[in-house]
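In case you want the letters, here they are:
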Amino acid sequence: MADNDTPLEDRTESATPKRLDDARRRGQVPRSRELSMALVLGAGAAALYGGRGELGSGISELMVRSLRFDRAALEDPDYMVTALGSTTIAALELFIPLFVAVAAAAIAGSIAIGGWLLSPSPLAFKPERLDPVKGLGRVFSLNGFVEVLKAIAKAVVILAVSIGFLWTVRDAVLGLGHEPVGRGLAHAMSLSLLTLAAGSFALLLIAAVDAPYQLWSHARQLRMTRQEVVDELKESEGRPEVRSRIRQLQQEVSRRRMLADVPKADVIVTNPTHFAVALRYEDGRMRAPVVLAKGTDHVAARIRQSGEEHGITFFEAPLLARALYWTTDIGQEIPAPLYLAVAQVLTYVYRLRAARTAGGPLPDKPTVEVDPQLAERPRRAGRRPLS
């Protein structure tokens, strides 16, 4: 049940992941007993069908051995205890495959729609369970009404299938006593197999309706009001670890998007190791060069690595690299005080590119001048840089 007394009709919002996790820790998961019973019967029928030969001969041998006595056995006072022990062990060994199949089916049926769960919460003592008013409320609730309908439907379906099957094989069942032991056991095994298969099919019909209902009912019981969703969101975002994780994810997304733009750059200005700023300029489309990516330390190393992989030109200018980093955000145009210095760098890059293409002499690297104050970290940065 839900952990509050708000009427279900007032809960219009689906359960949040946190609410689902909390319910799971309390042991509140959807389960379908009909599905488990159907799988158990089906597994039993399959195990009997697969081992019907060995099981029939083994049961026949056990019966012959158990009903045979000689004079020495009758005179031994401990014979009955010894015979009972050996017969029990032999019977258990004979039915081990059936037990394993049934146990596996029971486990699979219990976790089919709710998953694996080990929680001590359902076993804990809760005083409210002794409240007769709440008990009557559960009995006369929609869930209790549905459970009663399921029980009636299950009884009707299984009874109808059983009567129909027994009516079909009535002559065979009545004739088992007239058959030899071996043949009679084999025939009884076949009839038992058909009985289990019929019962499993009947329960599967009910489970086909019950399993979806249990999923719907579980989701319905955990629904929340709009205010509960808002309160939970505030509580989650108010936790320091959640805020820190959100910031980390946002920064990682920004870094990936930023690094994806590095191959479009015309030049990467470096410190040379601690700072790296990637610039791009399109004549006629941009008023001024734009910063595509920037970073310090390991982010700068990733920018340089991406630039090397894509053949971007590097320009080492410590003051300019720091000034671009501290004065410009990603995606913004460079400030006017850096126009001249960046223009000198881009002119050098274009001439270098042309010289390499035409095979002419390489241009001399210019000495760019930058106001040292622009290269200092501002005391009050508008936005924390990606570093």
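Residues numbered from 1 in each chain as written. Predicted model: local features only at pLDDT ≥ 70, side-chain atom pairs only at ≥ 80, totals over all residues. Heavy atoms only, no water.

Moving on, we come to the pairing of strand E2 (residues 275–280). Consecutive side chains of a regular strand alternate in pointing toward one face of the sheet and then the other. For E2, the buried fraction is high: five of the six residues fall into the buried class. Inspection of the sheet shows strand E1 (residues 267–270) paired to E2 by four bridges, in the antiparallel sense. If you follow valine 269 over to E2, its bridge partner there is valine 277. Counted between consecutive antiparallel strands, the loop separating E1 from E2 contains four residues. Inspection of the sheet shows E2 paired to strand E3 (residues 290–296) by six bridges, in the antiparallel sense. In the sheet register, phenylalanine 275 faces E3, and the bridge partner there is threonine 296. (Buried < 20%, exposed > 50% of the residue type's maximum accessible area, 1.4 Å probe, protein only. Helix = DSSP H or I, 4+ residues; strand = E, 2+ residues; numbered from the N terminus. Pairing = 2+ DSSP bridges.)

Before going further, it helps to spend a moment on the confidence of the model for the chain. Taken over all residues, the pLDDT of the chain has a mean of 79, while the share at 70 or more is 82%. Counted against residues more than four places away or in other chains, residues 381–387, with its pLDDT under 50, gives 16 contacts. (pLDDT = per-residue confidence, 0-100. Contact = heavy atoms within 4.5 Å.)

For the rest of this paragraph, the subject is the sheet that holds strand E4 (residues 313–316). Strand order in the open sheet formed by four strands is E3-E2-E1-E4, and the pairing between neighbours is mixed. Bordering the open sheet on either side are E3 and E4, each of which pairs with just one other strand. Averaged over all pairs of adjacent strands, the angle between their axes in this sheet comes to 20 degrees, without regard to strand direction. In terms of strand pairing, E1 meets E4 through four bridges, oriented parallel. Its bridge partner being in E4, isoleucine 268 is matched across the sheet by phenylalanine 314. Relative to E3, helix H12 (residues 297–309) is tilted by about 130 degrees, and along the sheet it contacts E1, E2, E3 and E4. Helix-sheet contacts for helix H13 (residues 318–327) involve E1, E2, E3 and E4, and the interaxial angle to E2 is about 75 degrees. (Axes fitted to C-alpha atoms, helices over the stretch in contact; angles between N-to-C directions.)

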